[in-house]
Amino acid sequence: MIAIEHLSKRYGGHPAVDDVSFTCAPGTVTGFLGPNGAGKSTTLRVLCGLAAPTRGTATVGGRRYRDLPNPGREVGVLLDAAAQHPGRTGREALTLAATVLGVDRGRVAELLDHVGLDGTAARKRVGAYSLGMRQRLGLAGALLGDPRVLVLDEPANGLDPEGIFWMRGLLRGFADRGGTVLLSSHLLREVEAVADRLVVIAGGRVVAQGAMDELLADT
Ligand code: ADP
Ligand code: ADP
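Each value, and the rule that gives it
Note on numbering: residues in each chain are counted from 1, in written sequence order. Written order determines the labels here, with chains lettered from A and ligands numbered from 1. Local features in this predicted model are restricted to residues whose pLDDT is 70 or higher, and side-chain atom pairs enter the listing and the counts only when it is 80 or higher, whereas totals over whole chains, interfaces and linings include all residues. As a convention, hydrogens and water are excluded, and side-chain values are obtained from all of the structure's heavy atoms. UniProt positions are given in the numbering used here, feature names are shortened, and annotations may be inferred rather than shown by experiment. A cutoff of 4 Å decides nearness: a residue is near a molecule or strand if any of its heavy atoms lies inside that distance of it. Throughout this description, a polar contact denotes any pair of N or O atoms lying within 3.5 Å of each other; where both atoms belong to protein, one of them has to be capable of donating a hydrogen while the other can accept it, and for residues adjacent in sequence the pair is counted only when both atoms sit in side chains. Surface accessibility follows the Shrake-Rupley procedure with a 1.4 Å probe radius. Residue values consider only the protein chains on display as shielding. The secondary structure listing takes helices from DSSP runs of H or I that are at least 4 residues long and strands from runs of E that are at least 2 residues long, numbered from the N terminus. Polar here means any residue other than Ala, Val, Leu, Ile, Met, Phe, Trp, Tyr, Cys and Pro, which are nonpolar, and Asp, Glu, Lys and Arg, which are charged; Gly is therefore polar. A pair of strands is labelled paired if DSSP reports no fewer than 2 bridges between them. Throughout, an axis means a line fitted to C-alpha atoms (over the contacting stretch in the case of helices), and angles, computed between N-to-C directions, take values from 0 to 180 degrees. Residue contacts are counted whenever heavy atoms from the two residues lie within 4.5 Å of one another.

You'll find the protein chain entered in an unreviewed UniProt entry as ABC-2 type transport system ATP-binding protein, with Geodermatophilus obscurus given as the organism. Under the heading Sequence similarities (unreviewed entry), UniProt records this for the protein chain: "Belongs to the ABC transporter superfamily."

Here the focus is the site of ligand 1. Taken together, Y11, H14, A16, P35, N36, G37, A38, G39, K40, S41 and T42 are the residues near ligand 1. H14 places a polar side-chain atom, nitrogen or oxygen, 3.4 Å from an oxygen atom of ligand 1. The contact in question runs from an oxygen atom of ligand 1 to an N or O atom on the backbone of G39, over 3.0 Å. Isolated, ligand 1 exposes 560 Å² of accessible area, and the fraction of that covered by the protein chains is 59%. The set of elements that each furnish at least two residues to the shell around ligand 1 consists of β2 (14-24) and α1 (40-47). Residue contributions to the shell around ligand 1 peak at three residues, all from α1. When grouped by side-chain class, the residues that make up the shell around ligand 1 number four nonpolar, six polar and one charged.

Bringing the sheet that holds strand β8 (residues 197-202) into the picture now. In spatial order, the strands read β5-β6-β7-β3-β8-β9; together these six strands make up an open sheet with mixed pairing. Either end of the sheet is taken by a strand with one partner, and the two such strands are β5 (75-78) and β9 (205-211). Recorded for the sheet is a direction-independent mean angle of 15° between the axes of neighbouring strands. Judged from the five bridges that link them, strand β3 (residues 29-33) and strand β7 (residues 180-185) form a sheet pairing that is parallel. Directly across from L33, in β7, lies its bridge partner S185. Packed onto the sheet, helix α6 (residues 131-143) meets β5 and β6 (149-153) and runs at close to 165° relative to β5.

This is the structure in structure tokens:
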């Protein structure tokens, strides 16, 4: 399970994240909803060991990301889909990631197929990909290590409605098999159909959290 406890992160004097606490349980999708600049990416970056907290902790199964025995295999991360090797083909990028993770390269073709990047798409340079295709490739990368936890920052950005529908099914299936999903978005419609729980953040602070149906009944 993911636990964010009294997490604060300041840049200069500015609090990007201010005393944020929430948990994500196995078997659930948690939607992390808030406008641009709310502090979502900062929270996810601390969780994935890419930034140090000013205060508080962010852990997976009770451990900080970098203290996990095999973080790259245990936590699937998609933080910035736009930033992927533009010069490689999708297949090359994923094969490289598999090598780094020590994952069987046989999984690459299977995953490319799973995310809808088979055939010609897999042989195209990532630099020629649309953002939606990069999201699909990023999701394949996040799934490579067969993780129990997925941390996804705005994965629906750039996906078309069919892609959003497809990703919803994929994430729902992942959670229904016992996985833990933390899914950020600035759009309610991208999370409402898939999330069990919602954590709403604004100005670095959690302004609401709870079961999706309860929260939406109140609005
Ligand atoms: P979100 O992901 O919800 O759009 P962010 O976590 O990216 O929000 O940003 C939260 C706040 O922190 C914003 O005001 C942003 O400008 C600031 N911020 C984020 N990263 C940095 C950084 N590396 N240096 C300075 N300020 C940052
Ligand atoms: P830097 O490289 O900026 O010094 P570090 O990653 O070394 O940052 O971490 C600085 C401090 O933050 C250390 O005391 C570290 O233990 C702590 N820290 C880093 N990540 C987390 C986390 N996810 N939860 C709690 N403490 C953390």
